[in-house]
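# Survey of secondary and tertiary structure
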Amino acid sequence: MKMNFKGANIISIREFSKEDIVRILDVARDMVPAAKGQKANRSLEDKILATLFFEPSTRTRLSFEAAMHRLGGSVVSVQDPRTASAAKGETLSDTIRMVESYSDMIVLRHPQEGSARLAAEFSEKPVINAGDGAGQHPTQTLLDLFTIREEKGKLEDINVALVGDLKYGRTVHSLAYALALFGAKLHLVAPPTLQMPKEVVAAARKFGVEPDISTELDNVIPNADVLYVTRIQKERFPDAREYLRVAGAYKIDARTLREGKADLKIMHPLPRVTEIAPEVDRSPGAIYFRQAFNGIPVRMAILALISGVVDK
Ligand code: NCD
């Protein structure tokens, strides 16, 4: 069934059908000239977006805010939890009940899994999940899918290797699900302790995709069309020694590029730490900064659709 985007919450990628995702990506493509500032779009002129970030962020917050500005709208923001009332012990539900009366849409990032869903229960206004702990990051997935579709021309029948921290990485939890939905082939490369949660693998199987699970990057490079590299999520490790054991497990460098297909694309949600060597940046396959730009048109599409100013 076609989802009614107007007023909808964006909590998990699992709530979208293939057709819904394609609709968002198509609207995002239409937004590119305005996202680059080459065309004016004032369609959210009378709207206010609230961005509440209770965890560090650069790209997600800035690109949501830039997207809102590119649509002529305004933004109110909490960017440092130490300066918000949460630091005085205010509950998330109280914060949300107040912020919904200050704004028309709320973007929330929070360290706790399930926080966005909880926030949506307390808000009449749409809530967009910008990352809930190690849970989901649906808008990142939409921009990742947009990037793959723009660069590869399709989402089905391509070999995508997800590399790094598949256990705590919320971007890959959402992305693996969506890629399986579209029928991409999944290669999951992680240290044994950081493999993809079983329920994500089970969801992929339901779509008829049997992920190839491995600890060795070398085996998957020759066949990969996309290498989606992730940071080991240091902040989620209960024990610092556990982190040190897996830190630096994989490194993409000039050798990786030589062993991969000529048109191999390297993606990363960023920030990167040591997993992609700077020498890779110059290669035509390194598309992570383009990927980061795509956050603007994709988030413009999301804001416009849930505000009801675009009907697709
Ligand atoms: C990611 C996140 O916050 O989950 N960053 C992002 O939104 N682009 C990835 C990460 O922090 O490693």
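Attention here is on the structure that accompanies the text. What you see is a predicted model, and the numbers here were worked out from it, not measured in a lab. (Residues numbered from 1 in each chain as written. Predicted model: local features only at pLDDT ≥ 70, side-chain atom pairs only at ≥ 80, totals over all residues. Heavy atoms only, no water.)

### Observations concerning the site of the ligand
Surrounding the ligand, one finds T60, R109, H137, Q140, R170, T171, R231, Q233, P269, L270 and P271. The contact in question runs from a nitrogen atom of the ligand to an N or O atom on the side chain of Q140, over 3.2 Å. Measuring from a nitrogen atom of the ligand, one finds a backbone N or O atom of L270 at 3.0 Å. Here the ligand loses 94% of its free accessible area of 320 Å² to cover by the protein chains. When grouped by side-chain class, the residues that make up the shell around the ligand number three nonpolar, five polar and three charged. (Near = heavy atom within 4 Å. Polar contact = N/O pair within 3.5 Å; in protein donor to acceptor, adjacent residues only side chain to side chain. Areas by Shrake-Rupley, 256 points an atom, 1.4 Å probe, with all protein chains shown as cover. Nonpolar A, V, L, I, M, F, W, Y, C, P; charged D, E, K, R; others polar.)

### Comments concerning the packing of helix α5 (residues 138-152) against helix α11 (residues 288-307)
The interhelical angle for the contact between α5 and α11, taken along N-to-C directions, is 115 degrees, at an axis separation of 8 Å. Here α5 and α11 pass one another in a crossing that is right-handed. In contact with T139, Q140, L142, L143, D144, F146, T147 and E151 of α5, α11 contributes R290, Q291, N294, G295, V298, R299 and I302. The class makeup of the residues in the contact of α5 with α11 is five nonpolar, six polar and four charged. (Axes fitted to C-alpha atoms, helices over the stretch in contact; angles between N-to-C directions. Helix = DSSP H or I, 4+ residues; strand = E, 2+ residues; numbered from the N terminus. Left-handed = near helix turned anticlockwise from the far one by under 90°. Contact = heavy atoms within 4.5 Å.)

### Overview of the pairing of strand β6 (residues 185-189)
With respect to burial, β6 is a largely interior element, four of its five residues being buried. Bridge count for strand β5 (residues 159-163) against β6 is five bridges, and the pairing is parallel. Pairing of V163 across the sheet is with V189, part of β6. Note on the crossover from β5 through helix α6 (residues 170-182) to β6: the handedness is right-handed. As defined by bridge partners, β6 adjoins strand β7 (residues 212-214) across three bridges and the pair is classed as parallel. Residue pairing in the sheet places H187 in a bridge with D212 of β7. (Buried < 20%, exposed > 50% of the residue type's maximum accessible area, 1.4 Å probe, protein only. Pairing = 2+ DSSP bridges. Right-handed = clockwise from strand over helix to strand, strands pointing away.)

### Thoughts on the sheet that holds strand β3 (residues 105-110)
What the four strands build is an open sheet, ordered β2-β1-β3-β4; its pairing is parallel. Each end of this open sheet is capped by a strand with a single partner; those strands are β2 (74-78) and β4 (127-132). Taking each pair of neighbouring strands and ignoring which way they run, the sheet shows an average axis angle of 15 degrees. In the sheet, β3 pairs with β4 via four bridges, with the strands oriented parallel. Each bridged residue has a counterpart across the sheet, and for V107 the counterpart in β4 is I128.

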